[in-house]
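Commentary on secondary and tertiary structure
Listed below are the residues making up each chain.
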Amino acid sequence: MSAASYLQSDDRFLCSICLDVFTDPVSTPCRHNFCKNCINGHWNSNNQCLCPMCKEIFITRPELHINTSISEMALKSCLVLLVFLVIPVCLAFIHFRTQREPHLTSSHEKRHQLIDPVENQENRMCMKHNKPLELFCKTDQTCVCTLCTSSDHKTHDCVPLKEEYERQKAELGKTEAEIQEMIQKRRLKIEEIKHSVDLSEEAADREKAEGVQVFTALKNSVERSLNEFIKTIEEKQRTTEKQAEDFIKELEQEISELKKRSSEVEKLSHSEDHLHLLQNFLSLKAAPPTKDWTDVSVRPSYEGTVVKAVAQLKETLSKQMKKLLAEAELKKVQQYAVDVTLDPDTANPKLILSDDGKQVQHGDVKKNVPDNPERFSDCGNVLGKQSFSSGRFYFEVQVKGKTHWDLGVARESINRKGKIILIPQNGFWAIWLRNGNNYKALTGFLNDLSLKSPPQKVGVFVDYEEGLISFYDVDAAALIYSFTGCSFTEKLYPYFSPGPNYGGKNSAPLIIFPVNQTV
């Protein structure tokens, strides 16, 4: 017998119209209870609103209110169960017909725990003892009844279901929080991947644009070379034709003269006048045109023209490719341009900085400034305000008109007092110019730099993680020098030294320029 059957044994839970357990129970103004659909159907099929129980007639159709008490009681199952005919039911339901006490108000039954209706209530009973599963065995991680604790689970750690329920519910709360955190991380990862795709698309567009520019330039070079090759062949052909025309003209002139002589010889040979023949014979016997045409020929030579043209094209393309690749490389590093300004707190007292912090030159006169720990005391150096401890950065400095300068980066812990040796071991990665044409990379061995022309603007690029520092001639889009395999563990600062004035020969300032990425 099911719990619903017991409910049907009490009139409080039966609808007098359908004679079944209430569904959506509602109350009429006369305080009788019916299923909502039943009473509405009853009134819809009659001409008047009549209470089926007390026959009270309502002039206007009354407003029906849900009877929450009956609704809750009719739809709850009790955890205090009795095994009866194999189907578990609440003990209190058996006494409803005699005791007539509400389930939630009786001094005994009010201790029963009500839950929402559940299926398979037999699963809530101990299969061995037919007792409610009221305890949880933490040792075996299973639900047990009170009798189980005296037998199979006698020495196990058993706690009330509610206690374990609260503990595991708290664990579920933590698990839910962890799951939500994992969901959030994955959502962020999705956004990161989408952003990466966007960046990849932008990079692809840039690469395509650069590729189109490079290959278009190379294509134009090939077309120019082809045009020059065709022009060369055509000029050779015109020269050959002109030479042939000259030869033919000369030959035709000689033929004309020979024909004339032949006519005179023939005429003289038929003369019967002895004196006339002898007088003219010597003049006709004079030597005819003496030019020897045996080895004269028109032989235009095109052999090797294609090979020579291709070799020239190869050399041209090689130079142009180097230039285009250098320009493309410079454009890439210029993407990491940063706004650098000079730090007056680090400047040697003889240096003069512009108000905007973009220019520095040597002033010869030592200014009265605080000798703070950051300031260079003896060497005419200054650092940038901005520091970098990760990623990539790039800046450009105009060195036009100078005969002496230093440029590079320095780590935070460098020595700033007294004489300083600019080498990587001391925390400096720099190049310099001396005497107007002597360029060196300060590696510790003073590597000479062979430059085709003096740079007017120098670009400095740093890849912190890669351990790379590169210097570029911006106008020529050419790499000057690279420090590779460096290991950085501190903040890096841009480093500048304008050098002494040398009587005005080196008075031009070093100027930090905004980066123009359209090389």
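What you see as residue numbers is a count from 1 along each chain, following the sequence as written. Where local features are concerned, this predicted model is filtered to residues with pLDDT of at least 70; where side-chain atom pairs are given and counted, the filter is 80 or more; whole-chain, interface and lining totals use all residues. Side-chain metrics rest on all non-hydrogen atoms present in the structure, leaving aside hydrogens and water.

Considering the overall build of the protein chain
Rule in force here: Comment: elements are numbered from the N terminus, with helices defined as DSSP H or I runs of at least four residues and strands as E runs of at least two. Accessible area is worked out with a 1.4 Å probe on protein chains only. A residue is then buried under 20% of its type maximum, exposed over 50%, and partly exposed in between. What makes two residues a contact is simply this: any of their non-hydrogen atoms within 4.5 Å. Computed by Shrake-Rupley with a 1.4 Å probe, the accessible areas treat only the displayed protein chains as cover when residues are assessed.
Secondary structure assignment for the protein chain yields eight helices and 25 strands. Counting the 519 residues in the protein chain, one finds 33% classified as buried. Long-range pairs, those at least 24 residues apart, make up 59% of the contacts in the protein chain with a sequence separation of at least 6. Summed over its atoms, the accessible surface of the protein chain is roughly 32900 Å², and 53% of this surface lies on carbon and sulfur atoms.

A word on the confidence of the model for the protein chain
Heads up, the condition is: pLDDT runs from 0 to 100 and stands for how confident the predictor is about each residue.
Residue-level pLDDT values for the protein chain average 85, and 86% of them are 70 or greater. Confidence drops under a pLDDT of 50 for residues 1–9, and excluding neighbours within four residues, the segment shows 24 contacts in the predicted structure. Contacts from residues 77–113, a stretch scored under 50 in pLDDT, to residues over four places away or in other chains number 79 contacts.

Description of the pattern of salt bridges
The condition is simple: Any carboxyl oxygen of Asp or Glu within 4 Å of a side-chain nitrogen of Lys or Arg constitutes a salt bridge here.
Inspection of the entire model under this criterion finds 14 salt bridges. In this structure, Asp-152 and Lys-128 form a salt bridge, with 3.0 Å as the shortest nitrogen-oxygen distance. Placement of Asp-152 in the loop between strand E11 (142–144) and strand E12 (158–160) and of Lys-128 in the loop between strand E9 (114–115) and strand E10 (135–137) is noted, with a sequence separation of 24 residues between them. Relative accessible area serves as the criterion here: at 53%, Lys-128 is assigned to the exposed category. Residue Arg-392 is joined to Asp-463 by a salt bridge in which the shortest nitrogen-to-oxygen separation is 2.9 Å. Residue Arg-392 is located in strand E16 (residues 392–398), and its partner Asp-463 is located in strand E21 (residues 457–463); the two are separated by 71 residues in the primary sequence. We classify Asp-463 as buried; its relative accessible area is 9%.

Comments concerning the sheet that holds strand E5 (residues 65–66)
What counts here: At least two DSSP bridges between two strands are needed for those strands to be called paired. To get an axis, fit a line to the C-alpha atoms, keeping to the stretch in contact for a helix; angles then go from 0 to 180 degrees between the N-to-C directions.
A sheet is described by the order of its strands in space; here three strands give the open sequence E2-E1-E5, paired in antiparallel fashion. In this open sheet, the two edge strands, each paired with only one partner strand, are strand E2 (33–35) and E5. Bridge count for strand E1 (residues 25–27) against E2 is three bridges, and the pairing is antiparallel. Residue pairing in the sheet places Ser-27 in a bridge with Asn-33 of E2. Across the sheet, helix H2 (residues 36–44) touches E1 and E2, and the angle it forms with E2 is around 90°.

A closer look at the packing of helix H6 (residues 161–269) against helix H8 (residues 305–334)
To keep it simple, the criterion reads: Working rule for angles: under 35 degrees goes down as roughly parallel, over 145 as roughly antiparallel, 65 to 115 as roughly perpendicular, anything else as oblique. Each crossing gets its handedness from the near helix: less than a right angle anticlockwise from the far helix is left-handed, clockwise is right-handed. Under the grouping applied here, Gly and all other residues not named as nonpolar or charged are polar, the nonpolar ones being Ala, Val, Leu, Ile, Met, Phe, Trp, Tyr, Cys and Pro and the charged ones Asp, Glu, Lys and Arg.
Where H6 meets H8, the axes come as close as 10 Å, and the angle between the chain directions of the two elements is 160°. Relative to H8, the element H6 lies roughly antiparallel. Considering how the two elements wind past one another, H6 and H8 form a crossing that is right-handed. Residues belonging to the contact of H6 with H8 are distributed by class as follows: 13 nonpolar, five polar and six charged.

Focus on the sheet that holds E11
Strand pairing within a sheet occurs via backbone hydrogen bonds; the two strands may be parallel or antiparallel. Taken in spatial order, the three strands line up as E11-E10-E12 in an open sheet, and their pairing is antiparallel. Strands at the two margins of the open sheet, each flanked by one partner only, are E11 and E12. Strand-to-strand twist across the sheet, computed as the mean angle between neighbouring axes with direction ignored, equals 35°. The sheet contact formed by E10 and E12 spans three bridges and is antiparallel. Counterpart to Leu-135 in the pairing with E12 is Pro-160.

Focus: the nonpolar core
How we decide: The nonpolar core is taken to be a set of buried Ala, Val, Leu, Ile, Met, Phe, Trp, Tyr and Cys residues, with the residues joined through side-chain atoms within 4.5 Å.
The biggest cluster of nonpolar side chains holds 35 residues, and the ones touching the most others in it are Trp-405 and Phe-496. Setting aside residues up to four positions removed in sequence, Phe-496 forms contacts with Val-340, Leu-342, Gly-380, Asn-381, Val-382, Gly-384, Phe-395, Val-397, Asp-406, Leu-407, Leu-510 and Ile-512.

A look at H8
Defined as follows: To estimate the expected span of a helix, subtract one from its residue number and multiply by 1.5 Å.
Taking 1.5 Å per residue, 30 residues should reach 44 Å; H8 reaches 43 Å between its end C-alpha atoms and fits that length. Along H8, the positions that sit buried rather than exposed are Thr-305, Leu-313, Leu-317, Gln-320, Leu-324, Glu-327, Ala-328, Leu-330, Lys-331, Val-333 and Gln-334. Those residues of H8 that are buried lie in contact with H6, E16, E21 and strand E22 (468–473).

Some details on the packing of aromatic side chains
Spelled out, the test is: Centres within 6.5 Å make a pair out of two Phe, Tyr or Trp rings, where for Trp the six-membered ring is used; the pair is then stacked when the planes are under 30 degrees apart, edge-to-face when over 60, and tilted otherwise.
On inspection of all chains with the given rule, the structure shows eleven aromatic pairs. With centroids separated by 5.4 Å and ring planes inclined at 75°, the aromatic side chains of Phe-428 and Tyr-495 adopt a geometry described as edge-to-face. Pair noted here: Phe-428 is in strand E18 (residues 428–434) and Tyr-495 is in strand E24 (residues 492–497), with a separation of 67 residues, a long-range link. Look at Phe-428 and you get buried, because its relative accessible area is 1%. A relative accessible area of 0% places Tyr-495 in the buried class.

Looking at unusual backbone geometry
Phi at Leu-19 is positive, roughly 60°, even though this residue is not glycine. Of note, Leu-19 is situated in the loop between helix H1 (3–8) and E1. Although it is not a glycine, Ala-477 adopts a positive phi angle of roughly 50°. Mapped onto the elements, Ala-477 comes out in the loop between E22 and strand E23 (478–483). The exposure class of Ala-477 is buried, given its relative accessible area of 2%.

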